[in-house]
Structure formats: structure tokens, C-alpha cells
Amino acid sequence: MSEKRGCLKTGLFGCLGIFVILILLIGGGALVAWNKSGDRRIEDKVLTPEVAPTTTEVDGFKVTEVPAGVGLVLLDLADGEFEIHPAPAGSGLRIEANYDSAVYALEDYYEALPDSSWVYGVRSRSTISGLHAALRSMMGAGHSTEIDVYLPADSQMELRVKVAQGGFEADLGGLWITDADFYYNKGGFSLAIDEPLKEPMDTLTIRGSMGGFEASRLGNASPRLIFVQCKMGGADIDLRGDWARDAAINLEVLMGGIGVRVPDHVRAEGVEGMQGADKLMMTDSEMPQPVLRFKVKQKMGEIELY
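Residues numbered from 1 in each chain as written. Predicted model: local features only at pLDDT ≥ 70, side-chain atom pairs only at ≥ 80, totals over all residues. Heavy atoms only, no water.

Caption draft 1: How the structure looks around the overall build of the chain. Secondary structure assignment for the chain yields 2 helices and 22 strands. Counting across all 306 residues of the chain, residues that qualify as buried make up 41%. Looking at the chain alone, contacts between residues at least 24 apart form 58% of all its contacts between residues at least 6 apart. Approximately 16400 Å² of the chain is accessible, and the part contributed by carbon and sulfur atoms is 54%. (Helix = DSSP H or I, 4+ residues; strand = E, 2+ residues; numbered from the N terminus. Buried < 20%, exposed > 50% of the residue type's maximum accessible area, 1.4 Å probe, protein only. Contact = heavy atoms within 4.5 Å. Areas by Shrake-Rupley, 256 points an atom, 1.4 Å probe, with all protein chains shown as cover.)

Written out as C-alpha cells, the structure is:
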């Protein structure tokens, strides 16, 4: 009996030791957060890369020149709230940010290539741990990072976006996007294309895990290929809009669900046996209709058409 009590006593002291260590770690983090809680450097920063249009004077007239090459815009964003907005032609590419530079880093770079194309990248993220950030927020020292990206309507570009642990909204209506690739992780994502792009997009890719997204009126982009991969989350995809050509729609879901709204004025192929396929209102028309060819892959999840 005494041996059992000795083992129990040893186990209790071991658990108590671990508990004390955890308290010390949390307390230490709280102390660091408290000591630095007043160290806030809130900044409003505007980034205007060299890709912005330049204005020169020729024979007494002002002439605005926009870079002719196709651009590649790379956005690698984390720990904040982010938005993409369409901007008027001639306004140039612009980034507006509001953040605490004491605990958050924002950097950008620009490169002009020999073939007149260009690359512009923006990277942002918190420089402290999640626990430290939570403690600062609890003590009233937290500050929400907000970054707005303005893309001009007259610049031809490819767009690649990666967002982690944050909220992201993008409106691409009326822009000149050749390809777009979105990846999100541990957050929410919203994409809207409320008016047709300047030219049909080639490929639209949306991939994500541990989060959800919604995409509306993708027909206005008229991509040749739409590829969606959703893991451990949900998605709502609206394919309405002004389709200008046929498209392949490849959908993959793992441990989640995808709802797809199919417009009436297209012909859907490859939907036989899919949930909701029998409810689609396909209209017969003497006019040629865009054809959307579906290919789906479902594992511990489902894709529903409506």
C-alpha cells in the first residue's frame, strides 16, 4: 500500500511540476507582452512600385505611358485583413497599409525584365508568436493590420495570392487578369467578379485548407479552366456571368463541402450522378451556348449543384 502511495505521490508531483512550468511560460509571455504593451508604432504606408505609369511632356503635351509588358503580382500576406480593389486606368498599382510596425513587417520588391515584363511582390506577416499577439490583444495593445491592394484596369497582369491566418476579399471586376491563383490557409476568402474582365482569363485556381471561401459571378472572367481544391472547409461557387467561351471546371473536396450555382444559359456536361444535377434548369436554345465540362473528385465530402 505504501508503494502505491509513493507512486501516486511521485505522479502528482510530476504533474504539479509540469503545471508550474506551464504557468511560468504563460506568465513569462504575459510579462513580456505587458512590458512591450506600450511599444506600438502604428504606421500608414503607401507603396507605389516603379510599374506605375510615368508622365512625360512631348511638344508641350503631357503623355502618360503605362508599362507594355505583362506583369506578375505576387501577394504573400498573413495575420491581418486584406482586400484587392480595381483601380481606374492610368492610376498605377498601389498598396495602402495600416499596421503596427513594432510587431508586424511589410516589404515589397519590383523587378523589370528584359522582355518588358515585370514582377512586383508584397510580403507581410506578424513578427511575434500567436500567444504573444493574443496576450497583447487582451491587454489592449493589439492592433488589426489592414492592407488594401489597388490594381489598375489598364495593366495586363497575372495574379498569385497566398493568405494565411487572416481574412481576404478580392474584387477583380473590369481588370485585365490573364491568370489568377489564390491559396488560403486558416482563414476566410471572398472573390467577386461583378463585371466582365477586359479579356477572358486563361486559368483561375483556388486552393485552400482549414477555412472557407465564396466566389461570385465567375462567368464574367470566362476562364478556360477553373480548378478548385477545398480541404477541411467549405466553399460556395457562383458560375453566373457573361460567359464568352467553353470552360473546364475541375473540383476537388476533402473533408468538406462545395456548393456550385450553375447558370441557366450554359450547357453543363459531366454532372450525371452529382447531387442536385436533376434540378438544373437547362434551357434549349437555337443560339450556341457555352459548355461547362465538370470533373469532380470527392473524399469525405460532397459537391452539390444548384
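Caption draft 2: Highlighting the pairing of strand S21 (residues 291-299). Relative to S21, strand S18 (residues 247-254) runs parallel, the two being bridged by 8 bridges. In the strand pairing of S21, Ile249 is matched with Phe294. In this sheet, S21 lies alongside strand S20 (residues 267-269) in parallel orientation, the contact comprising 3 bridges. For Glu269, the partnering residue across the bridge sits in S21 and is Arg293. (Pairing = 2+ DSSP bridges.)

Caption draft 3: Representation of the packing of aromatic side chains. Evaluated as defined, the whole model comprises 7 aromatic pairs. Look at Phe168 and Phe182: their rings are 6.1 Å apart centre to centre, the planes differ by 45 degrees, and that puts the pair in the tilted class. One end of the pair, Phe168, is in strand S11 (residues 167-171); the other, Phe182, is in strand S12 (residues 177-185), and 14 residues separate them in sequence. Here the two residues Phe168 and Phe182 agree in accessibility, since each one is buried. (Phe/Tyr/Trp six-rings, centres within 6.5 Å; stacked < 30°, edge-to-face > 60°.)

Caption draft 4: Up close: the environment of Val266. With respect to the secondary-structure elements, Val266 resides in the loop between strand S19 (257-261) and S20. Using a relative accessible area of 1% as the deciding quantity, one classes Val266 as buried. It is 5.1 Å that separates the C-alpha atoms of Val266 and Pro290, two residues lying 24 residues apart in sequence.

Caption draft 5: Highlighting the nonpolar core. In terms of nonpolar packing, the biggest core is built from 65 residues, with Ile84, Leu159, Phe182, Leu191, Ile206 and Phe294 touching the most fellow members. Beyond its immediate stretch of four places on either side in the chain, Phe294 contacts Leu239, Ile249, Leu251, Val260, Val262, Ala268, Glu269, Gly270, Val271 and Leu305. (Core = buried A, V, L, I, M, F, W, Y, C linked by side-chain atoms within 4.5 Å.)

Caption draft 6: Expanded view of a nonpolar patch on the surface. A contiguous nonpolar patch, built from Met210, Met232, Met255 and Met300 and spanning about 420 Å² of accessible area, is present on the exposed surface. Among the structural elements, Met255 can be located in the loop between S18 and S19. (Patch = residues over 30% accessible without salt bridge, like charges linked within 9 Å, V, L, I, M, F, W, Y side chains within 5 Å. Salt bridge = Lys/Arg side-chain N within 4 Å of Asp/Glu carboxyl O.)

Caption draft 7: Region of the structure containing the pairing of S18. Every second residue of S18 is oriented toward a common face, the buried set being Ala247, Ile249, Leu251 and Val253 and the non-buried set Ala248, Asn250, Glu252 and Leu254. Pairing between strand S16 (residues 225-231) and S18: 7 bridges, direction parallel. When the sheet's bridge partners are listed, Val228 is paired in S18 with Leu251.

Caption draft 8: The arrangement of the sheet that holds strand S15 (residues 212-216) in detail. The 10 strands are arranged S1-S6-S9-S5-S11-S13-S15-S17-S19-S22 in an open sheet whose pairing can be described as mixed. Two strands lie at the open edges of the sheet, namely strand S1 (42-47) and strand S22 (302-305), each paired on one side alone. Recorded for the sheet is a direction-independent mean angle of 10 degrees between the axes of neighbouring strands. Sheet analysis places S19 next to S22, joined by 4 bridges and oriented parallel. Following the sheet pairing, Val260 is matched in S22 by Leu305. (Axes fitted to C-alpha atoms, helices over the stretch in contact; angles between N-to-C directions.)

Caption draft 9: Fine view of the environment of Asp242. With respect to the helices, strands and loops of the structure, Asp242 is situated in the loop between strand S17 (234-238) and S18. The partly exposed category is assigned to Asp242, whose relative accessible area is 48%. Expressed as a C-alpha distance, the spacing of Asp242 and Ser222, which sit 20 residues apart in the sequence, is 7.3 Å. When residues no more than four places from it in sequence are discounted, the contact partners of Asp242 are Pro196, Gly219, Asn220 and Ser222.

Caption draft 10: A look at the sheet that holds strand S7 (residues 104-112). Strand order in the open sheet made by the 10 strands is S7-S8-S4-S10-S12-S14-S16-S18-S21-S20, with mixed pairing throughout. Two strands close off the open sheet at either side, each with one partner strand: S7 and S20. This sheet shows a mean twist of 10 degrees between the axes of neighbouring strands, independent of strand direction. Note that strand S10 (residues 157-164) and S12 share 7 bridges and pair parallel. Each residue of the ladder has a partner; that of Lys162, found in S12, is Tyr183.

Caption draft 11: Quick look at unusual backbone geometry. Despite not being glycine, Gln165 has its phi angle at roughly 50 degrees, a positive value. By the secondary structure assignment, Gln165 is in the loop between S10 and S11. Overall, the relative accessible area of 48% leaves Gln165 in the partly exposed class. Notably, Lys186 is not glycine yet its phi reads approximately 60 degrees, a positive angle.

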